[in-house]
Amino acid sequence: MNEIKKSNYLESLVEQIKEINTENLTDDVSEDPISTVIDEQKIYFWVRLFLNEENSDIKIGDDVIIKWKPSGEELESKFFAWGKKGFEKDLNEDITNYNPEDDKKVLSLMIDERSVNYNEDIPFIRTLFKTGRHYEYQLVKRNDLVFINKRNGEELEWFDCDF
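Rules behind the numbers
- Residues numbered from 1 in each chain as written.
- Predicted model: local features only at pLDDT ≥ 70, side-chain atom pairs only at ≥ 80, totals over all residues.
- Heavy atoms only, no water.
- Core = buried A, V, L, I, M, F, W, Y, C linked by side-chain atoms within 4.5 Å.
- Buried < 20%, exposed > 50% of the residue type's maximum accessible area, 1.4 Å probe, protein only.
- Helix = DSSP H or I, 4+ residues; strand = E, 2+ residues; numbered from the N terminus.
- Contact = heavy atoms within 4.5 Å.
- Pairing = 2+ DSSP bridges.
- 1 Å grid on protein atoms, 1.4 Å probe; cavity = no way out; pocket = protein on both sides within 12 Å on 5 of 7 lines; lining within 4 Å.
- Points joined across faces, edges and corners; volume = space filled by probe spheres on them.
- Nonpolar A, V, L, I, M, F, W, Y, C, P; charged D, E, K, R; others polar.
- Salt bridge = Lys/Arg side-chain N within 4 Å of Asp/Glu carboxyl O.

Colleague: I'm lost on the nonpolar core in this one. Help?
Modeller: Nonpolar side chains in soluble globular proteins tend to end up buried together. Counting 26 residues, the largest nonpolar core has L107, F129, F147 and F163 as its most contacted members. At the level of elements, β1 (44–51), β2 (63–68), β3 (73–84), β4 (102–112), β5 (145–149) and β7 (158–162) are the ones that each hand at least two residues to this core. It is β1 that contributes the most residues to this core, four residues altogether. The residues contacting L107, other than those within four sequence positions of it, are V47, R48, L49, L51, I58, F79, A81, W82 and L156.

Take a look at the structure:
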């Protein structure tokens, strides 16, 4: 019984192949591989912004604009998480202490790597990112670099930033 099903299947396949029209086929066929990008991988840089005081007005998902005042450069980032209390490294043993409680003075911002590495409109800001292509050691006056909550226009008061 299995042989009958197999032979019917093979005969059907042979008949279908015989019906293929080969008259209009061309010999101009490229042997180069063809690839199509279906979904590009995204890479994000993370920035930790240390605030002077807790800010209850900022919400996860808010856009935060990083602005360099002297040239007017602006880069948009996304606030995606609070820092965690007690999340410090032990310098001697690289052991991390973890406490799940949020530290409302530390913002974690994410920025698309392409908007930093390939954006010609932000020649200074892109030099601040340690993992970016254009990194250079910079001294920055806090008054010249501002972080603005795009939703409400509030300028965030900060004391340190880790690019």
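Colleague: Is there a simple way to explain the sheet that holds β3 in this structure?
Modeller: The strands making up a sheet associate through backbone hydrogen bonding, with each pair oriented either parallel or antiparallel. Spatially, the seven strands line up as an open sheet ordered β6-β5-β2-β3-β4-β1-β7, and their pairing is antiparallel. Both outer strands of the open sheet, β6 (155–156) and β7, are each paired with one neighbouring strand and no more.

Colleague: Quick question: what am I supposed to make of the side chain of N149 here?
Modeller: Within the element layout of this structure, N149 appears in strand β5. For N149, a relative accessible area of 0% puts it in the buried group. Ignoring anything within four residues of it in the chain, the contact list for N149 reads D57, I58, D62, D63 and E154.

Colleague: Could you clarify how one ought to interpret the layout of surface pockets in this entry?
Modeller: Here the second largest pocket defines a volume of roughly 390 Å³. Split into classes, the residues belonging to the lining of the second largest pocket amount to ten nonpolar, two polar and five charged.

Colleague: Please explain the pattern of salt bridges as it appears in this structure.
Modeller: Where side chains of opposite charge bring their charged atoms close, a pairing between them can arise. For the structure shown, the criterion picks out nine salt bridges. For R151, the salt bridge identified is with D62, shortest N-O distance 2.9 Å. Residue R151 is located in the loop between β5 and β6, and its partner D62 is located in the loop between β1 and β2; the two are separated by 89 residues in the primary sequence. K78 is the partner of D63 in a salt bridge, and the nearest nitrogen-oxygen pair spans 2.8 Å. Of this pair, D63 sits in strand β2 while K78 sits in strand β3, placing them 15 residues apart in sequence.

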